[in-house]
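Structural overview
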Amino acid sequence: MYAVIDCDNCYVSCERVFRPDLNGKPVVVLSNNDGCVVARSKEAKLMGIKAGTPYYQLKDLFPGQEIHCFSSNYELYGDLTARVMSIVRKASPEFWRYSIDEAFVELKGMEHIELKKWGEDLHKQILKWVGIPVSIGIAPTKTLAKCADRFAKDYPGYNHCCVIDSEEKRVKALKLFEIGEVWGIGRRFKSRLEDYGVATAFDFISKPQSWVKHEFHLPGERTWMELNGIDCIPMEDTTTKKSICTSRSFPSNIGDIETVRTHVSNFAARCAEKLRRQNTVCSLVTVFVHTNRFREDLPQYGNSISVSLLTPDNSTQVIVSKACEALAAIWRPYFQYKKAGVIVSDIQPSNAVQTNFLDFDDKTHEKLQRLDSAIDRINRLLGDETIVLGAQQYPLQKEPTDTKNTTNPHDEKIRGKSMSFRDAIKHEFRSKNYTTRWSDLLDTK
């Protein structure tokens with residue numbers, strides 16, 4: 001049996017931990033640069049607020065209605081969800097974290113335990129210790145467990161834990177489950193299945209396996225088998241990412257390479273941290289940039305380039321260096337850039353690296369590993385970006401004599417002070433980092 005533990009409305013729930021007065025009220029969390037809605041409370045969903053709604057449209061779409069908005073605060077969300085996952089890990093025989101707010105558990109050796117009660121007790125413990133509600137789905141396969149998790153989330157009668165442990169429950173659940181909501185059925189697969197008259201998960205499993213394999217190949221066949229109670233998705237397929245991307249739209253157009261390079265350095269550093277977190281290395285670093293396609297009055301340009309690592313690595317210094325090298329190759333002056341990003345791919349386990357004798361230096365590699373380990377440890381204890389590379393810090397800039405003639409509007413945002421990556425993103429409604437920064441400790445006065 002498998003269990004899926006999923007934080008309910010994760011970002012909103014994290015904000016409510018320190019704002020209990022917002023329970024029962026419509027709350028939304030915005031994307032980077034306060035662009036659009038990425039998370040909604042149940043109350044916000046009932047109002048009709050859709051995911052992806054631009055922030056500036058909320059007042060016009062819902063006049064006179066009070067909506068509590070927060071800028072995304074991933075440092076806070078990451079710390080609180082890590083506490084949730086720590087509780088789940090201790091309560092479980094085998095644990096795999098799937099995303100920031102979701103985990104799989106294999107319930108080996110728990111056949112003698114009443115799993116429904118185990119799930120309900122785990123929900124109560126997490127809610128009491130962290131303050132975040134979770135939903136738990138339990139079933140013989142991972143895909144069925146995801147279905148059970150959705151029922152636990154949508155129907156209060158399950159008391160936050162739904163168990164599919166019989167053929168009767170499986171068939172009943174799949175008849176009620178829309179095909180587009182099934183884990184592994186993407187938008188493209190959903191459209192094709194609907195063309196064949198498949199509306200529910202039960203309709204899908206009623207199709208012959210040979211037909212599913214012919215039309216949807218191995219991914220579709222695996223989903224079909226999982227829904228039929230056959231466990232066939234390897235856990236490593238759910239835990240290790242095949243590529244990692246970090247990208248952002250800038251608050252305003254940027255025309256100088258120094259500022260864009262600083263952004264790219266930060267993106268690359270984030271990718272390196274994620275690689276180390278999942279104990280992997282990458283062999284390919286890709287950088288892309290493009291201008292604002294909505295500004296038809298400005299010249300347009302976009303490009304990307306990939307740089308290979310002779311020896312796969314997860315060092316911040318190595319990956320940042322390669323990213324800056326890639327940016328220099330595709331940079332074109334006289335354009336106003338709106339977005340950039342870094343993708344690391346060709347990912348493999350860090351304990352299975354094939355070294356290249358032209359590139360590999362034991363002593364240098366060992367020093368970089370120790371340095372990254374020390375920086376990661378300090379940043380975990382004292383807060384993100386307590387220590388960063390020099391390339392990640394926006395430089396101190398002098399006040400120009402005439403700000404109206406500034407060639408780069410973004411300079412006005414950062415002029416006169418040195419800024420960190422977290423400050424270079426628009427976040428007018430961001431809450432404090434109550435659990436990770438001494439300066440943001442909650443004041444109870």
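A brief look at the structure comes next. Quick caveat: nothing in here was measured; it's all calculated off a predicted structure. (Residues numbered from 1 in each chain as written. Predicted model: local features only at pLDDT ≥ 70, side-chain atom pairs only at ≥ 80, totals over all residues. Heavy atoms only, no water.)

1. A few points about the sheet that holds strand β4 (residues 68-71)
Reading across from one edge, β3-β2-β4 is the order of the three strands in this open sheet, with mixed pairing throughout. The strands lining the two open edges of the sheet, one partner per strand, are β3 (37-40) and β4. Direction aside, the axes of adjacent strands within the sheet are offset by 30 degrees on average. Pairing geometry for strand β2 (residues 27-30) and β3, over three bridges, is antiparallel. Bridge assignment links Val-29 to a residue of β3, and that residue is Ala-39. Most of the contacts of helix α1 (residues 10-17) go to β2, to which it runs at about 110 degrees, and overall it touches β2, β3 and β4. (Pairing = 2+ DSSP bridges. Helix = DSSP H or I, 4+ residues; strand = E, 2+ residues; numbered from the N terminus. Axes fitted to C-alpha atoms, helices over the stretch in contact; angles between N-to-C directions. Contact = heavy atoms within 4.5 Å.)

2. Quick word on the environment of Leu-298
With respect to the helices and strands, Leu-298 occurs in the loop between β10 (280-291) and β11 (302-313). Residue classification places Leu-298 among the partly exposed positions, given a relative accessible area of 24%. Distance from Leu-298 to Gln-336, taken between C-alpha atoms, is 7.8 Å for residues 38 residues apart in sequence. If we ignore the near neighbours within four places in the chain, the residues touching Leu-298 are Asn-253 and Gln-336. (Buried < 20%, exposed > 50% of the residue type's maximum accessible area, 1.4 Å probe, protein only.)

3. Some points on the side chain of Glu-75
Along the chain, Glu-75 falls in helix α4 (residues 74-90). Glu-75 sits in the buried class, given a relative accessible area of 11%.

4. Remarks on helix α6 (residues 142-154)
Taking 1.5 Å of rise per residue, 13 residues should cover 18 Å, and α6 covers 19 Å from first to last C-alpha, within 8% of that figure. Across the 13 residues that make up α6, a large majority, ten, are buried. For α6, every residue scored as buried is listed here: Lys-142, Thr-143, Leu-144, Ala-145, Lys-146, Cys-147, Ala-148, Asp-149, Phe-151 and Ala-152. (Expected span 1.5 Å × (residues − 1).)

5. Comments concerning the pattern of salt bridges
Going through the model one piece at a time under the given rule, you end up with 20 salt bridges. Two residues, Asp-231 and Lys-142, come together in a salt bridge whose shortest N-O distance is 2.8 Å. Note that Asp-231 is positioned in the loop between α10 (209-227) and α11 (236-239) and Lys-142 in helix α6, a separation of 89 residues in sequence. Since its relative accessible area comes to 37%, Asp-231 is described here as partly exposed. Where Glu-167 meets Arg-170, a salt bridge forms, and the shortest distance between an N and an O atom there is 2.6 Å. Of the two residues, Glu-167 and Arg-170 both sit in helix α7 (residues 167-176), three residues apart, roughly one turn of that helix. (Salt bridge = Lys/Arg side-chain N within 4 Å of Asp/Glu carboxyl O.)

6. Considerations on the sheet that holds strand β8 (residues 161-163)
If you trace the five strands from one edge of the open sheet to the other, you get β5-β6-β1-β7-β8, paired in mixed fashion. Each edge of the open sheet is held by one strand with a lone partner, namely β5 (94-99) and β8. Averaged over all pairs of adjacent strands, the angle between their axes in this sheet comes to 15 degrees, without regard to strand direction. Two elements, strand β1 (residues 2-7) and strand β7 (residues 134-139), share six bridges in a ladder whose sense is antiparallel. Note on β7: the bridge partner recorded for Cys-7 is Val-134. α4 contacts β1, β5, β6 (102-106) and β7 of the sheet and is inclined by roughly 155 degrees relative to β5.

7. Notes on unusual backbone geometry
Phi is positive for Asn-159, which is not a glycine, with a value near 55 degrees. Along the chain, the position of Asn-159 falls in the loop between α6 and β8.

8. Overview of a nonpolar patch on the surface
Together, Ile-378, Leu-381, Leu-382, Ile-387, Trp-438 and Leu-441 line one region of the surface with nonpolar side chains, adding up to about 630 Å² of accessible area. For Leu-381, a relative accessible area of 64% gives the class exposed. (Patch = residues over 30% accessible without salt bridge, like charges linked within 9 Å, V, L, I, M, F, W, Y side chains within 5 Å. Areas by Shrake-Rupley, 256 points an atom, 1.4 Å probe, with all protein chains shown as cover.)

9. A word on the packing of aromatic side chains
Each aromatic ring pair is described using two quantities: the centre-to-centre distance and the angle formed by the ring planes. Across all of its chains, the model carries 19 aromatic pairs by this definition. On the numbers, 6.4 Å between centres and 75 degrees between planes, the contact of Tyr-155 with Tyr-158 is edge-to-face. By relative accessible area, which is 44% here, Tyr-155 ends up partly exposed. Ring geometry for Tyr-196 and Trp-211: centres 5.0 Å apart, planes at 90 degrees, overall edge-to-face. Note that Tyr-196 is positioned in the loop between α8 (187-195) and α9 (201-205) and Trp-211 in helix α10, a separation of 15 residues in sequence. Overall, the relative accessible area of 39% leaves Tyr-196 in the partly exposed class. An aromatic cluster of three or more residues is present, and its members are Phe-151, Tyr-155, Tyr-158 and Phe-177. Just above the ring of Phe-202 sits the side chain of Lys-175; from NZ or CZ to the centre is 5.0 Å. Positioned above the aromatic ring of Trp-211, the side-chain terminus of Lys-207 is 5.2 Å from the ring centre. (Phe/Tyr/Trp six-rings, centres within 6.5 Å; stacked < 30°, edge-to-face > 60°. Lys NZ or Arg CZ within 6 Å of the ring centre and 35° of its normal.)

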